[in-house]
Amino acid sequence: MRGKLSLADFEHAARRHLPHPIFSYIHGGVEDNHSLHANLAAFREYEFIPRVLNDVSARHTGTELLGLACDAPFGIGPMGISALAAYDGDRVLARAARLARIPMVLSGASLTRMEDVAAEAPGYAWFQAYLPGNDAQAGRMVGRAEAAGFRTLVLTVDTSARANRENNVRAGFSTPLRPGPRLAWQGLTHPRWLAGTFVRTLMTLGLPRFENTANEVAVPVVSRKAARQFNRDNLSWSHVALIRRLWPGRLVLKGILSPHDARIAAEHGVDGIVVSNHGGRQLDGAVAPLRMLPAVAAAAGGMAVMFDGGVRRGGDVLKALALGADFVFVARPFLYAAAVAGEPGVAHAIALLKEEVRRNMASLGIRTIGEAGRELLIHQRADPQG
C-alpha cells in the first residue's frame, strides 16, 4: 500500500492497471458528465466552522444503521461488473466490509451469485435489486434474496430507461461485451489485469455471467440477452407496495431526489432511502444529491436517510452527515482499491477514509457521529453568522 495515501491514489493506480474500456465504465457518467461533475463540486460549496477547546480524546466513528452496528458512518455502495475489474471482486468487497463492520451492497448487475456474497458477510451484505414491473419476477427475486440470507433489500428506482452512456461506446465497452481486436489489444497491454483478473476468472470461476437479474437463468456477459435485461419503464409504486408485503426484512429505496417521493416512500412502509442520482450515471443534468439532502431528510419522517454520490474524503462524509444523512455510501473508490490490490487494498481504503473522518471530527470539536450537525457548515453563498 506504499504511496496509497488517499482514495484518489487508488483511482490513479486503477487508471493504469485496468484496460481503458473497463476503467471508463467505472469512472464515467452519462452523456456530458454534467451530473457526475456536479456531485463532486457540490461538496466544495460547503465549508466547515470548527469548534475549539472541546475534549475530543474519546471520539469514535461508530453508528447504527437499520439495526446494524457499524464501526464507521460509511459503507460500500453497489457497482456492477465488479468481478471484471477485480478478481472475485464482489466477494472481496464483502469480506473487507465484514471485517471492517460496515455494510456492502451487492449490485443486481453483479457477476457473482448473491448466495455466495451473502455467505461472506452475514448481515453486512445487502442486495440491490434491479426489478422489472412484473409481479411474478419481482416475487421470485425477493424470495431468492430472502433464501440467500439477506436482511436488507435495496430497490433501485431511478433506472426506468437505459442510460445514454456514450463514453462507454467511445471507450469500447458495451453490454453485452463484444470481443474483438480492440478489446484483445487492451488486454495484452494490461498484462497484470489480463493474468490476475480475466484469465484467472476464466480458469477458476468460468465465463462471467449476470447472476442476479430477474431472468431465471444467468446470462453470460457476451450474450445478446444481456442487453435486454434492464428495461424497467413500468416499475411503479404499486410494485413497491408488493415488495413491501413480500419482503420480511429492511426495505430501502435507492435513487430518491425529491422530498415528495421521500414522503410517498414513508407512506409505503419503506425503512430507508438513499439520496442519489446513480453516481451521475443515469440522467445527465439530474441535481447533485448533496443539494437535495436537507429537503429530502426533512421529508423522510422516521426512515433512515442514506447518501450516495461524489464522496472522496472523510470531510465529504461529515458534510453529508451534517446536512441530514444518517449514513453514507461510497462505490467507485473501493472498487478501484479492489482492482489494484484485492482485499488488502479495500481494507486499506476503508482505513484511510475512517481515519480521515476521525481526524476531522477532532478538528471540528465533536466526539460522536450524531454530533455532526448543520451548525458545523456554512454555504459559500451564505453570510457568516457570529
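The numbering scheme is per chain: residues are counted from 1 as the chain's sequence reads. Given that this is a predicted model, residues contribute local features only at a pLDDT of at least 70 and side-chain atom pairs are listed and counted only at 80 or more, while totals for whole chains, interfaces and linings are drawn from all residues. Note that water and hydrogens are dropped before the side-chain values are worked out from all heavy atoms of the structure.

Draft legend 1. Up close: the overall build of the protein. Secondary structure assignment for the protein yields 15 helices and 14 strands. Here the C-alpha atoms of the protein give a radius of gyration of 20 Å, agreeing with the 21 Å that 2.2 N^0.38 yields for 386 residues. Note on classification: 1.4 Å probe, protein chains only; a residue is buried when its accessible area is under 20% of the maximum for its type, exposed when over 50%, partly exposed between these limits. Expressed as a percentage of its 386 residues, the buried residues of the protein come to 57%. Two residues form a contact once any of their heavy atoms are found within 4.5 Å. Taking all contacts inside the protein whose residues are at least 6 apart in sequence as the whole, residues at least 24 apart take part in 73%. Counting from the N terminus, the helices are the DSSP runs of H or I reaching at least four residues and the strands are the DSSP runs of E reaching at least two. Throughout, the radius of gyration refers to the C-alpha atoms, and the reference size of a globule is 2.2 Å times the residue count to the power 0.38.

Draft legend 2. Main features of the nonpolar core. In terms of nonpolar packing, the biggest core is built from 121 residues, with Phe150, Ile273 and Met306 touching the most fellow members. With 15 residues, the single largest contributor to this core is helix α15 (residues 332–364). As used here, the term nonpolar core means buried Ala, Val, Leu, Ile, Met, Phe, Trp, Tyr and Cys residues forming a set that is joined through side-chain atoms within 4.5 Å.

Draft legend 3. Representation of the pattern of salt bridges in the model. Salt bridges are defined by distance alone: a side-chain nitrogen of Lys or Arg within 4 Å of a carboxyl oxygen of Asp or Glu. This structure, assessed with the given rule, holds 14 salt bridges. Between arginine 359 and glutamate 355 there is a salt bridge, and its shortest N-O distance comes to 4.0 Å. Remark: glutamate 355 and arginine 359 occur in helix α15; sequence separation between them is 4 residues, near one turn of the helix. For arginine 359, a relative accessible area of 45% gives the class partly exposed. A relative accessible area of 35% places glutamate 355 in the partly exposed class. A salt bridge links glutamate 371 to arginine 367; the shortest N-O distance between them is 3.8 Å. The exposure class of glutamate 371 is partly exposed, given its relative accessible area of 28%. For arginine 367, a relative accessible area of 34% corresponds to the partly exposed category.

Draft legend 4. Structural view of empty space enclosed by the protein. For cavity detection a 1 Å grid was placed over the protein atoms alone, and a set of points counts as a cavity when a 1.4 Å probe fits there but cannot get out; an open set counts as a pocket when protein lies on both sides within 12 Å along at least five of seven lines, with lining residues being those that have an atom within 4 Å of a point. Grid points are joined across faces, edges and corners, and a volume is the space filled by probe spheres set on the points. Throughout the structure, instances matching the rule amount to 2 cavities of 30 Å³ or more. Considering only enclosed or pocket space, the largest cavity measures out at about 50 Å³ in volume. Looking at the largest cavity, the residues that line it are Pro78, Val105, Trp126, Val154, Lys254, Val274, Asp308 and Phe329. Residues were grouped as follows: Ala, Val, Leu, Ile, Met, Phe, Trp, Tyr, Cys and Pro as nonpolar; Asp, Glu, Lys and Arg as charged; and all remaining residues, including Gly, as polar. When grouped by side-chain class, the residues that make up the lining of the largest cavity number 6 nonpolar, no polar and 2 charged.

Draft legend 5. Main features of the layout of surface pockets. Of the volumes computed, that of the largest pocket is approximately 850 Å³. Lining the largest pocket are 47 residues, and of these Tyr25, Tyr130, Arg165, His278 and Arg281 lie nearest its centre. At the level of elements, α3 (34–44), α8 (166–171) and β13 (327–330) are the ones that each hand at least two residues to the lining of the largest pocket. Across the lining of the largest pocket, the residue classes break down as 22 nonpolar, 15 polar and 10 charged. Within this model, the second largest pocket holds a volume of roughly 330 Å³. Looking at the second largest pocket, it is lined by 19 residues, and the ones nearest its centre are Leu177, Pro179, Leu183, Trp193 and Phe198. Sorting the residues of the lining of the second largest pocket by element identifies α2 (20–27), α9 (181–188) and α10 (191–204) as the ones contributing at least two each. It is α9 that contributes the most residues to the lining of the second largest pocket, 4 residues altogether. Broken down by class, the residue content of the lining of the second largest pocket amounts to 16 nonpolar, 3 polar and no charged.

Draft legend 6. Region of interest: the packing of aromatic side chains. Two aromatic rings from Phe, Tyr or Trp, using only the six-membered ring of Trp, form a pair when their centres are within 6.5 Å; if the ring planes differ by under 30 degrees the pair is stacked, by over 60 it is edge-to-face, and anything between is tilted. Summed over the entire model, instances satisfying the criterion amount to 8 aromatic pairs. Between phenylalanine 43 and phenylalanine 307, the ring centres sit 5.9 Å apart and the planes meet at 90 degrees, which makes this aromatic pair edge-to-face. Pair noted here: phenylalanine 43 is in helix α3 and phenylalanine 307 is in strand β12 (residues 304–308), with a separation of 264 residues, a long-range link. Residue classification places phenylalanine 307 among the buried positions, given a relative accessible area of 0%. Aromatic side chains tryptophan 126 and phenylalanine 329 sit 5.8 Å apart centroid to centroid with 65 degrees between the ring planes, which places their arrangement in the edge-to-face category. Linking tryptophan 126 in strand β6 (residues 125–129) with phenylalanine 329 in strand β13, this pair joins segments that are 203 residues apart in sequence.

Draft legend 7. A look at the pairing of strand β10 (residues 250–256). The element β10 is largely enclosed, with a buried count of 6 among its 7 residues. Following DSSP output, two strands are said to pair if at least two bridges run between them. As paired strands, strand β7 (residues 152–156) and β10 are joined by 5 bridges and run parallel to one another. Paired with threonine 156 across the two strands is lysine 254, which belongs to β10. Here 4 bridges tie β10 to strand β11 (residues 272–275), and the two strands are oriented parallel to one another. Bridged to isoleucine 256 within β11 is valine 275.

Draft legend 8. Layout of unusual backbone geometry. The backbone of leucine 53 shows a phi angle near 60 degrees, a positive value even though the residue is not glycine. A positive phi angle, near 50 degrees, is found at leucine 66, a position not held by glycine. Looking at where leucine 66 falls in the secondary structure, it is placed in the loop between β2 (63–65) and β3 (68–70).

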